[in-house]
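Single-letter residue listing:
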Amino acid sequence: MKKILIMHSYFLRLDPKQWATGKPYAPLGTLYATSFLKQHEHNILFFDTMFSKGPHEIIPVLEKEQPDIFVIYDDGFNYLTKMCLENMREAAFAMIRSAKDRGAIVIVSSSDSTDRFEMYLDQGADFILLGEAELTLLELVNALGNGVKEYNLIDGIAFTQNGKSLKTKARAVMKDLDALPWPAWNMIDMEPYREMWIRHAGYFSMNMGTTRGCPFKCNWCAKPIYGNRYHARTPGNVVGELKMLNKQFGFDHIWFCDDIFGLKPGWVKAFADLVEKEELPFKFKMQGRVDLLLEEDNIRDLARAGCENIWMGAESGSQRILDAMDKGTTVQQIYEATRLIKNCGIKPSFFIQFGYLSETKEDIEKTISMINELLPYELGISVSYPLPGTIFFEKVKKELVNKTNWKDSDELAMMFSNTYQPAFYKQLHRYVHRSYRKHLALENIRRIIADPFGLKAAGIKKAFSAIYYLPAEWVARQKLSQLEKPLR
């Protein structure tokens, strides 16, 4: 039986913003693949690169273990991996070379390698797994173990033959997610994760996926791994894993890292009923669409289940931009969902995207006004990021000559020509955060005036932050004005 060494290519230290934030999540997709191979009795070794200083640290592991097959299997559930950061791509290339130099067959599965399989093959990888990859990986390692070389009969791979890159037909996605074993949690050391979370946040959060895919067609959103179809685990299967994780690790909090949590009718209610029945003591955050949150009794059921934070892809306060994105939601729904979420005791958070094609100053001002009026709990601001396979990417790809990816998650570079110069959008990011913090401070001041003894320490601290954010917002606004001259 061939010895298989599996790891991923995300190095937290190579992403300075995330290292400083100190809230790492385990490589869930990698753990799924590891568990799946172990279920089929393969000889598996797992190495977690999360806290390594760089790809050079895998060399002693390679030399000690001398694997026959070396697998880089990235986490398809984490947005940091989906972004295909240049630092991580270069790390993957270095890992490929190190494994090849030591005689291993190299297999790679990631969003980036799916989109750019020829680039990875040129670096020395033997096989690229395209899309959802557990079944493909199993079939491929079985073929390699049995000496079968008719690789063109294996769906969902790319490889080189006679000097040419070949791509087989796509593999169908899995429908019965309950048939998958739970991730190989017993093979990863969770203590470094726990320690970093406690040190930076004061609690310990773990990640879990309950679904795969997204059926909606936002034209800037890429889905190279799980596609446009949507399949979900049953509530019972999810709660069973939660009970196991709680017993084994004693987590405080869960991030449900699905693109959309609880899309199927009745799923959230059934999940909440089971959580209450099992008396699971935990809080969680999840991602949802504003239109779906307003259906059934979803928000109240989420509150019953322990949801404390809902991240919504608000994207823009301009209906014109939402329509241009093919978002399928309305600004009015953002307002309605946010208010209902707050009324149910949950914290609403926004993903905001600036710099979409044709965005004007008026569109930007509408977005800022929406943020400052609704005051979400947290704010994730980015600029439009062209991902291969999207309509948006096709519109701007001719301009992506010198740069196609960010180096790390804090770069926020505008990689195509838009209404304003790139420096404007960097400053806009700073200004919007300062404006939001100022309005948050003023809101807490109003609460103190209305109820001097009712505000908690955190609210009082936010109120006092007005001393900093009032002048800071003004300064940021002045700098933004200096960069406001449109390019077209």
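No experiment lies behind these values; they were computed from the predicted model shown.

S.K.: Sorry if this is basic, but what is going on with the packing of aromatic side chains here?
M.R.: For any pair of aromatic rings, the description rests on two quantities: the centre-to-centre distance and the angle between the ring planes. This model, assessed by the stated rule, comprises 29 aromatic pairs. Centre to centre, the rings of F261 and F271 are 5.9 Å apart; their planes meet at 80°, and the pair counts as edge-to-face. Of this pair, F261 sits in the loop between strand 11 (253-256) and helix 11 (267-278) while F271 sits in helix 11; the two residues are 10 residues apart in sequence, bridging distant segments of the chain. Take F261: its relative accessible area is 4%, and that puts it in the buried class. Considering the side-chain rings of Y468 and Y469, the 4.8 Å spacing of their centres and the 80° angle between planes classify their relative orientation as edge-to-face. Above the face of the F216 ring, R289 is positioned so that its terminal group lies 3.8 Å from the ring centre.

S.K.: In this structure, what is going on with the nonpolar core? I would like to understand it.
M.R.: A general feature of soluble globular proteins is that nonpolar side chains tend to end up buried together. Among the nonpolar cores identified, the biggest contains 156 residues, and F70, F256, F271 and F284 are the most heavily contacted of them. With sequence-adjacent residues up to four places away left out, F271 is seen in contact with P235, V238, V239, L242, F256, F261, F282, F284 and A305.

S.K.: Sorry, what's going on with the sheet that holds strand 15 (residues 379-383) here?
M.R.: Two modes of strand pairing occur in sheets, parallel and antiparallel, and in both the strands are linked by backbone hydrogen bonds. If you walk across this open sheet you meet the 6 strands as 8-11-12-13-14-15, and the pairing is parallel. Here the strands that pair on one side only, and so sit at the sheet edges, are strand 8 (205-208) and strand 15. With strand direction ignored, the average angle separating the axes of adjacent strands in the sheet is 20°. In this sheet, strand 12 (residues 283-288) lies alongside strand 11 in parallel orientation, the contact comprising 3 bridges. Pairing of H253 across the sheet is with K283, part of strand 12. Strand contacts of helix 15 (residues 331-343): strand 13 (307-315) and strand 14 (347-354), with the helix running at about 150° to strand 14, the strand carrying the most contacts. Across the face of the sheet, helix 16 (residues 361-374) comes into contact with strand 13, strand 14 and strand 15 while running at roughly 165° to strand 14.

S.K.: Which parts of the structure should I look at to understand helix 9 (residues 191-201)?
M.R.: Helical periodicity: at 3.6 residues per turn, an α-helix aligns residues three or four positions apart in one direction. Listing the buried residues of helix 9 in full gives Y193, M196 and W197. Looking down the long axis of helix 9, one finds its buried residues gathered within 100° of arc, a one-sided arrangement. Trailing helix 9 by a residue or two, G202 shows a phi angle of about 85°, which is positive.

Rules used in this analysis
Residues numbered from 1 in each chain as written. Predicted model: local features only at pLDDT ≥ 70, side-chain atom pairs only at ≥ 80, totals over all residues. Heavy atoms only, no water. Phe/Tyr/Trp six-rings, centres within 6.5 Å; stacked < 30°, edge-to-face > 60°. Helix = DSSP H or I, 4+ residues; strand = E, 2+ residues; numbered from the N terminus. Buried < 20%, exposed > 50% of the residue type's maximum accessible area, 1.4 Å probe, protein only. Lys NZ or Arg CZ within 6 Å of the ring centre and 35° of its normal. Core = buried A, V, L, I, M, F, W, Y, C linked by side-chain atoms within 4.5 Å. Contact = heavy atoms within 4.5 Å. Pairing = 2+ DSSP bridges. Axes fitted to C-alpha atoms, helices over the stretch in contact; angles between N-to-C directions. Arc of directions from axis to C-beta.

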